[in-house]
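Chain by chain, the residues run as shown.
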Amino acid sequence: MKKGIILFGKSGCGKTTLLKIIDANFRYTNLVSTTTRQPRLGEVEGVDYYFVSKEKFEDMAQRDLFVECVHHGEHAYGLQYSEIEGREFGVVVVNPEGVKAIKAVYGDTFKAVYIDVEPRERLVRQILRGDDIHAIVNRYDVDEWLFKDAEQLADVVINANKMAILQVVTEVLESIR
């Protein structure tokens, strides 16, 4: 891997939207993570995630196939080494633990970009995308703990409040040059 972008931020900050735009319009390839959760409406196997059973995921983890691996509630997520190896440019969405794990292996090959958005704007985005209100509340509680010192992990922090998505994409790409 010549250069990679790690996008991270609290739920509803726009990470996945940014990833899709960067993947579709620039030379950065989406590094697809593996998960044990069920696909959301419109998600595609091998494009959004690799969807596997809990048993298969645990087998993969025991065989050390993941550069990073985390559990959120009943679901597990991980990025396989094979998604990174042999790629020239990549972009991935992970949480702060994933940032630490990827940077520990690949160092400055990956630039970590923290996307910061106010809670009110994140809430509106989550409601508009159809998230369950109970899941949103639970996620906010987890995010407060998970992202407590997350900005310290970032090479770049982008405050994306009220910014047009293309402006955010431009800032992300300019920040990693």
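It should be noted that the structure appears before, not after, this text.
Rules used throughout
- Residues numbered from 1 in each chain as written.
- Predicted model: local features only at pLDDT ≥ 70, side-chain atom pairs only at ≥ 80, totals over all residues.
- Heavy atoms only, no water.
- Pairing = 2+ DSSP bridges.
- Helix = DSSP H or I, 4+ residues; strand = E, 2+ residues; numbered from the N terminus.
- Buried < 20%, exposed > 50% of the residue type's maximum accessible area, 1.4 Å probe, protein only.
- Salt bridge = Lys/Arg side-chain N within 4 Å of Asp/Glu carboxyl O.
- Contact = heavy atoms within 4.5 Å.

Visitor: Help me understand the sheet that holds strand β4 (residues 50–51), please; the structure alone is not making it clear to me.
Guide: Strand pairing within a sheet occurs via backbone hydrogen bonds; the two strands may be parallel or antiparallel. A sheet is described by the order of its strands in space; here four strands give the open sequence β4-β3-β6-β5, paired in mixed fashion. Each edge of the sheet is formed by a strand with only one pairing partner; in this case those strands are β4 and β5 (66–72). Judged from the two bridges that link them, strand β3 (residues 34–35) and strand β6 (residues 75–80) form a sheet pairing that is antiparallel. If you follow Thr34 over to β6, its bridge partner there is Gly78.

Visitor: What should I look at first to understand the pairing of strand β1 (residues 3–8) in this one?
Guide: For a regular strand, side-chain orientation follows a simple rule: the groups alternate between the two sheet faces. With five of its six residues buried, β1 lies for the most part within the structure. Note that β1 and strand β8 (residues 110–116) share five bridges and pair parallel. The partner of Ile6 across the bridge, within β8, is Ala112.

Visitor: Help me understand the pattern of salt bridges, please; the structure alone is not making it clear to me.
Guide: Opposite charge on two side chains permits pairing when their charged atoms draw close. For the structure shown, the criterion picks out 13 salt bridges. Across the pair Asp143 and Arg122 runs a salt bridge, and its minimum N-O distance is 3.7 Å. In this pair, Asp143 sits in helix α6 (residues 133–146) while Arg122 sits in helix α5 (residues 119–128), placing the two residues 21 residues apart along the sequence. Assigned by exposure class, Asp143 and Arg122 land together as buried. When the shortest N-O distance is used, the salt bridge between Arg139 and Asp143 registers 3.0 Å. Placement of both Arg139 and Asp143 in helix α6 is noted, with a separation of four residues, approximately one turn of the helix.

Visitor: Just checking my understanding: could you explain the side chain of Asn30 for this structure?
Guide: Here Asn30 lies in strand β2 (residues 29–30). Residue classification places Asn30 among the buried positions, given a relative accessible area of 12%. With residues near it in sequence (within four places) discarded, Asn30 still touches Leu19, Asp23, Val47, Glu83, Arg87 and Val91.

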